[in-house]
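Observations on the model geometry
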Protein chains: 2
Amino acid sequence: MFSQTVEYALRALMYLASLDGTPVTSERIAAQTRVPPGYLSKVMRDLVLAGLVASFRGPNGGFVLARRADQITVLDAVNAVDPIRRILKCPLSDPGHANLCPLHRSLDDALAHLEETFRATTLAGVLERGGQGCRGLTGQQKQPENDTHDAA
Amino acid sequence: MFSQTVEYALRALMYLASLDGTPVTSERIAAQTRVPPGYLSKVMRDLVLAGLVASFRGPNGGFVLARRADQITVLDAVNAVDPIRRILKCPLSDPGHANLCPLHRSLDDALAHLEETFRATTLAGVLERGGQGCRGLTGQQKQPENDTHDAA
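Along each chain, residue indices are assigned from 1 in the same order as the chain's sequence is written. Chains and ligands are labelled by the order in which they are written, letters from A for the one and numbers from 1 for the other. In view of the model being predicted, local features appear only for residues whose pLDDT reaches at least 70, and side-chain atom pairs are presented and counted only at 80 or more, with totals across whole chains, interfaces and linings using the full set of residues. As a rule here, side-chain values cover all heavy atoms of the structure and leave hydrogens and water aside.

As for the overall build of chain A
As a reminder of what qualifies: Where helices and strands are cited, they refer to DSSP runs of H or I of at least four residues and of E of at least two residues respectively, numbered from the N terminus. Under the scheme applied here, a residue whose accessible area is under 20% of the maximum for its type counts as buried, over 50% as exposed, and between as partly exposed, the area being computed with a 1.4 Å probe on protein chains only. Every residue pair with non-hydrogen atoms within 4.5 Å of one another is taken to be in contact. Accessible areas in this description were obtained via Shrake-Rupley with a 1.4 Å probe; residue shielding takes into account the shown protein chains only.
Scanning chain A for helices and strands turns up six helices and two strands. Of the regular secondary structure in chain A, the N- to C-terminal order runs α-α-α-β-β-α-α-α. Looking at chain A residue by residue over its 152 residues, the buried ones come to 49%. By sequence separation, contacts in chain A at least 24 residues apart represent 61% of the contacts at least 6 residues apart. Surface summary for chain A: the accessible area is close to 7500 Å², and the carbon and sulfur share equals 52%.

Printed below as a string of C-alpha cells:
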C-alpha cells in the first residue's frame, strides 16, 4: 500500500529526527537508511520543496529537519513525496454526478481515516514509541543484547 | 492507494451483487463497469480462484457471486486480486531482529486498521448505503432527475 518513495522519505526523516539538528550529508543518510543515493537525492529534493527539510551548503553543510520533529507528521511526509489521492468523484459517474456512490464512498472513508491517522502521528511521536528502534533509522546504535528479547 | 486491479474487481463484484444471482457474461460486465475486456478476464479469473465468483458455461452461462453479498467483504475482494501486504519485519532490521521498529509499527498499525475496516464492509453493506448508486455499478438504472440534488 505504501510506495517505496514513501518508505524512503520516512526513513530519511526518522534518521534526521534522531539527530537533534546536526546536519548530515546525503551520502551519510543514504548509507544509514540504505536508500540508493540517486533515489535519495530525488526524495530529499521533494522534502526540501515541501518545507520539511532544510539543506545547508559548505564543509559542515548537509540536511536537517526544517521544523521540530513534533511539528512534522507522517502525513506531511507522505504528501511531500506521494500524496494520498482521495476519491473526489466516482470513476464511473456521469458528468455532473458529483456525489460519490456507496462503493467509492466506502473506499474514500478508509482513505480519510488513513489520512487522519497519519496526521496525528508525528516523527517525535514515532521516536517516543521507543522500544527497540530500527538500528538503521537512528543515530544511536542499539545494544545487540536486546535482540534476545525479540518475539518470534 | 488502491490499485486499478482492486478498483476493477470491486466494480465487477458490486455489479454482480446488484443482480441477485442472474448470470451475466464477461462482455456485459466489461461494458457495464467500463473495464477493458482483457483486464476484466484476468480479474474475473482471480475472483473465481478465490471462491468469490462462480462461472457457468453454456448459452445462459456467465458469472454470479459464489456467496451471498452479505458474505463477501471488501477485504475478500482486495485479497483476491492485490492483497494488502502487512509489514511483518523491518526492511532495515538485522537478521533475527523480529520486532518491528516504531516507524514500521506505526505504518503496519495503519494497514491493520484498513484491513479491519475492509473486513467489516460487505458488498451487501455497501449496496445498503444506498443513496445515489453509481449507475455503472448497478443493474438498475437511476433516474436522471436525481442529479439535480447533487452537491457541488
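Back to the write-up after that little detour.
Here's the deal with the pattern of salt bridges
Inclusion rule: A side-chain nitrogen of Lys or Arg and a carboxyl oxygen of Asp or Glu constitute a salt bridge if their distance falls within 4 Å.
The tally for this structure, following the rule as stated, stands at 22 salt bridges over all chains. For D108(A), the salt bridge is made with R105(A), and the minimal N-O distance between the two is 3.7 Å. Taken together, the residues span about one helical turn, with D108(A) and R105(A) both in helix α5 (residues 102–119) at a distance of three residues. You can call D108(A) buried: its relative accessible area is 4%. Here the residues in one salt-bridge network are R86(A), R105(A), D108(A), D109(A), E115(A), E116(A), R119(A) and R129(B), joined through shared partners.

Focus on the side chain of H104(A)
Where we set the bar: Here a polar contact is recorded for every N or O atom pair within 3.5 Å, except that within protein the pair must consist of a potential hydrogen donor and a potential acceptor, and residues adjacent in sequence are included only if both atoms are side-chain atoms.
With respect to the secondary-structure elements, H104(A) resides in helix α5. Judged by relative accessible area, H104(A) falls into the buried class, the value being 0%. Among the polar contacts made by the side chain of H104(A), one reaches the side chain of E7(B) at a distance of 2.8 Å.

Things to note about the pairing of strand β1 (residues 53–56) of chain B
We count it as follows: When DSSP finds two or more bridges between two strands, those strands count as paired.
As defined by bridge partners, β1(B) adjoins strand β2 (residues 62–65) of chain B across four bridges and the pair is classed as antiparallel. In the sheet register, V53(B) faces β2(B), and the bridge partner there is L65(B).

Focus: the packing of aromatic side chains
Using the following cut-off: Centres within 6.5 Å are what make two rings of Phe, Tyr or Trp a pair, Trp counting through its six-membered ring; a difference in plane orientation under 30 degrees is then read as stacked, over 60 as edge-to-face, and the rest as tilted.
Summed over the entire model, instances satisfying the criterion amount to four aromatic pairs over all chains. For the pair Y8(A) and Y39(A), a centre-to-centre distance of 4.8 Å together with 80° between the ring planes defines the contact as edge-to-face. Placement of Y8(A) in helix α1 (residues 4–17) and of Y39(A) in helix α3 (residues 37–49) is noted, with a sequence separation of 31 residues between them. Relative accessible area serves as the criterion here: at 9%, Y8(A) is assigned to the buried category. Judged by its relative accessible area of 29%, Y39(A) is partly exposed. Relative to F118(B), the ring of F2(B) has its centre 5.6 Å away and its plane inclined at 50°; by these criteria the two rings are tilted. Here the residue F2(B) occupies a position in the segment before α1 (4–17), and F118(B) occupies one in helix α5 (residues 102–119), the gap between them amounting to 116 residues. By relative accessible area, F118(B) is classed as buried at 3%.

What to know about the environment of V43(A)
Residues and elements named next belong to chain A. Mapped onto the elements, V43 comes out in helix α3. Accessibility expressed as a relative area gives 0% for V43, which makes it buried. Residues V43 and C101, 58 residues apart in the sequence, show an inter-C-alpha distance of 35 Å. If we ignore the near neighbours within four places in the chain, the residues touching V43 are T5, Y8, A9 and V81.

Some thoughts on the side chain of T73(A)
All names here are of chain A. With respect to the secondary-structure elements, T73 resides in the loop between β2 (62–65) and α4 (74–81). Only 3.3 Å separates the side chain of T73 from the backbone nitrogen of L75, close enough to count as a polar contact. When near neighbours in sequence (up to four residues on either side) are disregarded, T73 contacts F118, R119, T121 and T122.

Concerning helix α3 (residues 37–49) of chain B
Residue and element names in this part refer to chain B. Our working definition: Multiplying one less than the number of residues by 1.5 Å gives the expected span of a helix. This arc is taken over the directions from the axis of the helix to the C-beta atoms.
In a regular helix each residue adds 1.5 Å, so 13 residues correspond to 18 Å; α3 covers 18 Å between its end C-alpha atoms and thus fits that length. Inspection of α3 places L40, V43, M44, D46 and L47 among the buried residues, and these make up the whole buried set. Along the long axis of α3, the arc covered by the buried residues comes to 160°, so they all point the same way. In α3, the exposed residues that point more than 90 degrees away from the buried face are G38, R45 and L49. Backbone geometry just after α3 places G51 at a positive phi near 80°.

Notes on the nonpolar core
Rule in force here: To define a nonpolar core, start from buried Ala, Val, Leu, Ile, Met, Phe, Trp, Tyr and Cys residues and group those joined through side-chain atoms within 4.5 Å.
In this structure, L47(A) and L47(B) are the most contacted members of the largest nonpolar core, which totals 90 residues. Here L47(A) is in contact with A9(A), L13(A), L52(A), V53(A), A80(A) and V81(A), once residues within four sequence places are set aside.

Thoughts on unusual backbone geometry
Residue and element names in this part refer to chain A. With a phi angle near 55°, R34 is a residue other than glycine that sits in the positive phi range. The residue R34 is located in the loop between α2 (26–33) and α3 in this model. You can call R34 partly exposed: its relative accessible area is 45%.

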